[in-house]
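Topology and contacts: notes
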Amino acid sequence: MDGLDEVIHQSTRLRMMTALHTLKKDEWIEFVRLKSLVNASDGNLGAHLETLARAGYVEIDKQIVGKKPLTRIRTTPAGRAAYRHHVAQLRALLDM
């Protein structure tokens, strides 16, 4: 499986990157919305987000709005490129 991105290939992270990739280039998604889309727990989603952030694939913005925390996520240009490459590699495997 040469050419596949091991950071993205893990199933939860692939679902996350797919959801993020559907957004406009600089659009943010709230943590709770992404959690709902990928059907993950807070801890699981947080751990996978950290992995994606360390790889430079997502940007995480944490704020306090009123008295509540607000965490937003968006893909970076590197993350969008890595996702497109990963999907192209998956398609190539399916076409073999």
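Numbering of residues begins from 1 in every chain and follows the order in which that chain's sequence is written. Per-residue local features of the predicted model are confined to residues with pLDDT of at least 70, and side-chain atom pairs are confined, for both listing and counting, to 80 or more; whole-chain, interface and lining totals are unaffected and use all residues. Derived side-chain values reflect all non-hydrogen atoms in the structure, with water molecules and hydrogen atoms excluded from consideration.

Strands here mean DSSP runs of E at least two residues long; helices mean DSSP runs of H or I at least four residues long; both are numbered from the N terminus. Check the secondary structure of the protein and you find five helices and three strands. Secondary structure elements of the protein, listed N to C terminal, follow the sequence α-α-β-α-α-β-β-α. Relative to its 96 residues, the protein shows a buried fraction of 34%. Taking contacts inside the protein between residues at least 6 apart in sequence as the whole, the part at least 24 apart equals 56%. Accessible surface for the protein amounts to roughly 6,000 Å². Of this, 53% is attributable to carbon and sulfur atoms. Once the 15 positive and 11 negative side-chain charges of the protein are each reduced to a mean point, those two points are 7 Å apart. Burial here depends on accessible area, computed with a 1.4 Å probe over protein chains only, as a share of the maximum for the residue type. Under 20% is buried, over 50% is exposed, and the range in between is partly exposed. Any two residues whose heavy atoms approach within 4.5 Å are treated as being in contact. In these tables, accessible area is a Shrake-Rupley quantity obtained with a 1.4 Å probe, and a residue counts as shielded only by the protein chains included in the view. We treat Lys and Arg as the positive residues and Asp and Glu as the negative residues; His and chain ends play no part in the count. A charge is said to be at NZ when it belongs to Lys, at CZ for Arg, at CG for Asp and at CD for Glu.

A fitted line through C-alpha atoms represents every axis, and for helices the fit uses only the stretch in contact; the resulting angles, taken between N-to-C directions, go from 0 to 180 degrees. Here helix α3 (residues 31-38) crosses helix α4 (residues 42-54) at 105°, and the two axes come no closer than 10 Å. By the criterion of interaxial angle, the relationship of α3 to α4 is roughly perpendicular. Across the interface between the two elements, F31, L34, K35 and V38 of α3 pack against D42, L45, G46 and L49 of α4. Residue composition of the contact of α3 with α4, by class: five nonpolar, one polar and two charged. Working definition: roughly parallel below 35 degrees, roughly antiparallel above 145 degrees, roughly perpendicular at 65 to 115 degrees, and oblique for all remaining angles. The classification used treats Ala, Val, Leu, Ile, Met, Phe, Trp, Tyr, Cys and Pro as nonpolar, Asp, Glu, Lys and Arg as charged, and all other residues, Gly among them, as polar.

Another aspect to go through is the environment of G56. Residue position: G56 is located in the loop between α4 and β2 (58-65). Given the relative accessible area of 28%, G56 is considered partly exposed. In sequence terms G56 and K25 are 31 residues apart; their C-alpha atoms lie 15 Å from each other. Aside from chain neighbours lying at most four places away, what touches G56 is T76, A78 and G79.

Even without being a glycine, N39 presents a positive backbone phi close to 55°. Examined against the element boundaries, N39 turns out to sit in the loop between α3 and α4. The exposure class of N39 is exposed, given its relative accessible area of 71%.

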